[in-house]
Structures are given as C-alpha cells and as structure tokens.
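What follows is each chain in one-letter form.
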Amino acid sequence: MDRLQHIVDAAIGRLGVDRLAPLIVACSGGPDSSALAHAVMALAGAGRLGRVTLCYVDHQLREGSGADGQVVARLAAAGGADFASIAVVVDRRSGSLEGAARDARY
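Okay, so let's go over this structure.

What counts as what
Residues numbered from 1 in each chain as written. Predicted model: local features only at pLDDT ≥ 70, side-chain atom pairs only at ≥ 80, totals over all residues. Heavy atoms only, no water. Pairing = 2+ DSSP bridges. Helix = DSSP H or I, 4+ residues; strand = E, 2+ residues; numbered from the N terminus. Axes fitted to C-alpha atoms, helices over the stretch in contact; angles between N-to-C directions. Contact = heavy atoms within 4.5 Å. Parallel < 35°, antiparallel > 145°, perpendicular 65-115°, else oblique. Left-handed = near helix turned anticlockwise from the far one by under 90°. Nonpolar A, V, L, I, M, F, W, Y, C, P; charged D, E, K, R; others polar. Buried < 20%, exposed > 50% of the residue type's maximum accessible area, 1.4 Å probe, protein only. Right-handed = clockwise from strand over helix to strand, strands pointing away. Polar contact = N/O pair within 3.5 Å; in protein donor to acceptor, adjacent residues only side chain to side chain. Salt bridge = Lys/Arg side-chain N within 4 Å of Asp/Glu carboxyl O.

Another aspect to go through is the sheet that holds strand β1 (residues 23–26). One open sheet holds the three strands; their spatial order is β1-β2-β3, and the pairing between them is parallel. Sheet topology places β1 and β3 (82–87) at the edges, where each strand pairs with a single neighbour. Recorded for the sheet is a direction-independent mean angle of 25 degrees between the axes of neighbouring strands. Both strand β2 (residues 52–58) and β3 contribute to a ladder of six bridges, which runs parallel. Note on β3: the bridge partner recorded for L54 is F83. Running at roughly 175 degrees to β2, helix α3 (residues 65–79) makes contact with β2 and β3 of the sheet.

What follows concerns the packing of helix α2 (residues 31–45) against α3. The N-to-C vectors of α2 and α3 enclose an angle of 20 degrees; their axes lie 10 Å apart at closest approach. One way to sum up the angle between α2 and α3 is to call them roughly parallel. Judged by the sense of rotation from one axis to the other, the crossing of α2 with α3 is right-handed. On the side of α2, the interface is formed by S34, A37, H38 and M41, while α3 contributes L75, A76 and G79. Broken down by class, the residue content of the contact of α2 with α3 amounts to four nonpolar, three polar and no charged.

Summarising burial for β2: seven of the seven residues are buried, a large majority. By the alternation rule, side chains of β2 split into V52, L54, Y56 and D58 and T53, C55 and V57, which are all buried. Bridging between β1 and β2 involves four bridges; their strand directions are parallel. Note on β2: the bridge partner recorded for A26 is C55. For the crossover that starts at β1, traverses α2 and ends in the parallel β2, the hand is right-handed. For the crossover that starts at β2, traverses α3 and ends in the parallel β3, the hand is right-handed.

With that settled, the discussion passes to unusual backbone geometry. Notably, Q60 is not glycine yet its phi reads approximately 55 degrees, a positive angle. Note that Q60 resides in the loop between β2 and α3. Overall, the relative accessible area of 45% leaves Q60 in the partly exposed class.

Turning our attention to the side chain of S34. Along the chain, the position of S34 falls in helix α2. A distance of 2.8 Å separates the side chain of S34 from the backbone oxygen of G30, its partner in a polar contact. The residues contacting S34, other than those within four sequence positions of it, are C27, G29 and L75.

Now for the pattern of salt bridges. For the structure on display, the rule yields six salt bridges. The residue D9 makes a salt bridge to R48 at a minimum N-O spacing of 2.7 Å. Here D9, found in helix α1 (residues 3–15), pairs with R48, found in the loop between α2 and β2; they are 39 residues apart in sequence, far enough to count as distant. Assessed through its relative accessible area of 35%, R48 is described here as partly exposed. Taking the shortest distance from any N to any O, the salt bridge between E98 and R102 comes out at 3.6 Å. Here R102 and E98 lie together in helix α4 (residues 97–105), a separation of four residues that amounts to about one turn. In this structure R102 comes out as partly exposed when scored by relative accessible area, which is 31%.

Encoded structure:
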C-alpha cells in the first residue's frame with residue numbers, strides 16, 4: 001500500500017466508515033479528487049472497502065464541462081468502480097459563485 005492509501009485508510013478508520021458498505025466518492029476529475037479516487041479504488045480492490053462509486057457533479061458553469069465527467073467515467077472503469085453523474089443548476093444570482101455551486105451540489 002502506498003503512502004496516500006495508508007493516509008486514506010487511516011482517515012476512513014478514524015471517521016468510522018463502515019468498510020463493508022458501498023462508498024460514494026465525489027470526483028471532479030482534477031488532481032486532488034482523482035488521487036483520492038485512485039486510493040479508495042485500490043483499497044476496495046484490496047478488500048479494505050466495499051464497492052466504490054465515483055460521482056461527478058456537472059455544475060454546467062463552463063462550456064464542455066460534461067467532458068470532465070467522461071474523464072471520471074474512464075477513471076472509474078479503469079479502477080473497477082461504478083460511475084454516476086448528475087447535472088445541477090447553479091443559481092448565479094446568489095452570493096458567491098463558489099457558494100452557489102456548493103448549494104447546488106448539496
């Protein structure tokens with residue numbers, strides 16, 4: 001197990017995550033969430049976690065954002081995980097764009 005997998009494995013233990021339950025991991029396709037995705041898929045492959053689903057949330061804030069979802073879908077397929085995607089509508093009139101995107105995700 002590499003260092004990141006050890007860190008993620010320890011965090012999952014501290015958080016009391018049921019290791020046999022399915023796990024949904026939000027993944028944007030960026031480097032941080034992709035690294036987390038790789039770690040949890042490796043842990044699942046080693047029997048340390050239940051079934052993993054990578055979930056991409058398309059905020060539709062820029063042209064071609066759906067292509068990022070396809071990157072995550074390929075990542076999931078390569079790592080033996082399931083994939084889910086959802087498009088949300090971000091209310092651009094409220095507060096900060098980042099806050100509005102967070103609200104739409106939730």
